[in-house]
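# Structural features, examined
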Amino acid sequence: MTKMTRRTAMGSMAALGLASTAIPAWALQENLRVHTGSPGSSTFTFTTTMQTIVQRETPIKMNVTSGQTATRSTLDAANGNVDLFISSPAINYYMSEGIQMFSGMANAPELFKNVRQVVNFPLGPYHIITYADSGIETLEDCRGRRIFIGPPGGAATTVGLAIMESATGMKPGDYEQAKLDWSSGQQAFQDRQVDLAIIPTELPSASMMQFALLGKIKLITIPDEALTRGPLQDMLKIPGRTMTEIPPDIYGENQVNEDPIAAVGSWVGIGSHVGVDADTVYAVTKAMFENLPDMHAAADWMDYFTTDTALLQLNAPVHAGAYRWYKENGVEVPEEYIPPEAV
């Protein structure tokens, strides 16, 4: 069945309505504050698809703010200032330990106790991309070049810095770090204002396809030795970080790679906080999983989002509302991530 046919066929499922939640409308928190990534990103696609389904199936309204980093959103959620957000297992780890971007925040581990998880999903691999005529064949060739590795202070930037240091020994100063947000950074790469960019995105990626339409591109592989030394070695031990491969021809004739590209894979999720109404999160969770064909119709990579994958790379307690749905539907939640308020 084609993607368009799948989307059209599932439109009739709107008839499920509020009855599918088995919760009175008056019991739900009607307006949710939601943070997501930049328009066009896989996190944006996931969030807006969730928003469409939840608002179709329940009386819940989601007020979505895009262009947010997981670092800022996790902190906002811990303080009760956002209800649903794009979470990151790496950010969860850093905040719970009070390290990296939270090293100057003494109360970060205590605040993290307010954070809850709804689902996880694969964000995709970190694409290390340059134009084929840039003269960059390996990461060693980035010395003195201007590169974009993500917004300052973000989890993705931490990964980019680790890749560069472990692969080459270089730190910012050895190369020029373009300190831009995601939208500006990708535009800078498109306009050739940076020589190389490290961008976590779905596979295949719409943004990478766009770059390939503008000129011949080359994806740079991570050398084997980078996996056994420096900060990348330790980073790969953190939940949400994996190693994967990108096919050499996935972006068509304008991708000049001949061999598979070794890349860091990344998981993210939908997070929440302990203060969000449990019936409301239950209804959100139920709406997503009872309309999985609609979730999958939004993009090919979203086929990976299922009940079998939704709790992979978990490292924060599940929200009580989501936990109730999982328990009712036979989805096992690891004992250490059962929310204390649900016991």
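Residues numbered from 1 in each chain as written. Predicted model: local features only at pLDDT ≥ 70, side-chain atom pairs only at ≥ 80, totals over all residues. Heavy atoms only, no water.

## Focus: the environment of Phe-189
As for its placement among the helices and strands, Phe-189 is situated in helix H7 (residues 182-190). C-alpha separation for the pair Phe-189 and Ile-147, spaced 42 residues apart in sequence, amounts to 8.6 Å. With residues near it in sequence (within four places) discarded, Phe-189 still touches Ile-129, Thr-130, Tyr-131, Val-194, Asp-195, Leu-196, Ala-197 and Phe-211. (Helix = DSSP H or I, 4+ residues; strand = E, 2+ residues; numbered from the N terminus. Contact = heavy atoms within 4.5 Å.)

## Things to note about the pattern of salt bridges
Following the criterion strictly, the structure yields 15 salt bridges and no others. The partner of Glu-57 in a salt bridge is Arg-56, with the nearest N and O atoms 2.8 Å apart. Relative accessible area serves as the criterion here: at 1%, Glu-57 is assigned to the buried category. Three or more residues joined by partner-sharing salt bridges are found here, namely Arg-56, Glu-57 and Asp-294. (Salt bridge = Lys/Arg side-chain N within 4 Å of Asp/Glu carboxyl O. Buried < 20%, exposed > 50% of the residue type's maximum accessible area, 1.4 Å probe, protein only.)

## A short note on the packing of helix H10 (residues 278-289) against helix H12 (residues 320-328)
For the pair H10 and H12, the least separation of the axes is 6 Å and the interaxial angle reads 50 degrees. Accordingly, the angle class assigned to the pair H10 and H12 is oblique. Seen from above, H10 lies across H12 with right-handed handedness. Contacts between H10 and H12 involve Ala-278, Asp-279, Val-281, Tyr-282, Thr-285, Lys-286 and Phe-289 from the former and Ala-320, Gly-321, Ala-322, Arg-324, Trp-325, Tyr-326 and Glu-328 from the latter. Partitioning the contact of H10 with H12 into residue classes produces 8 nonpolar, 2 polar and 4 charged. (Axes fitted to C-alpha atoms, helices over the stretch in contact; angles between N-to-C directions. Parallel < 35°, antiparallel > 145°, perpendicular 65-115°, else oblique. Left-handed = near helix turned anticlockwise from the far one by under 90°. Nonpolar A, V, L, I, M, F, W, Y, C, P; charged D, E, K, R; others polar.)

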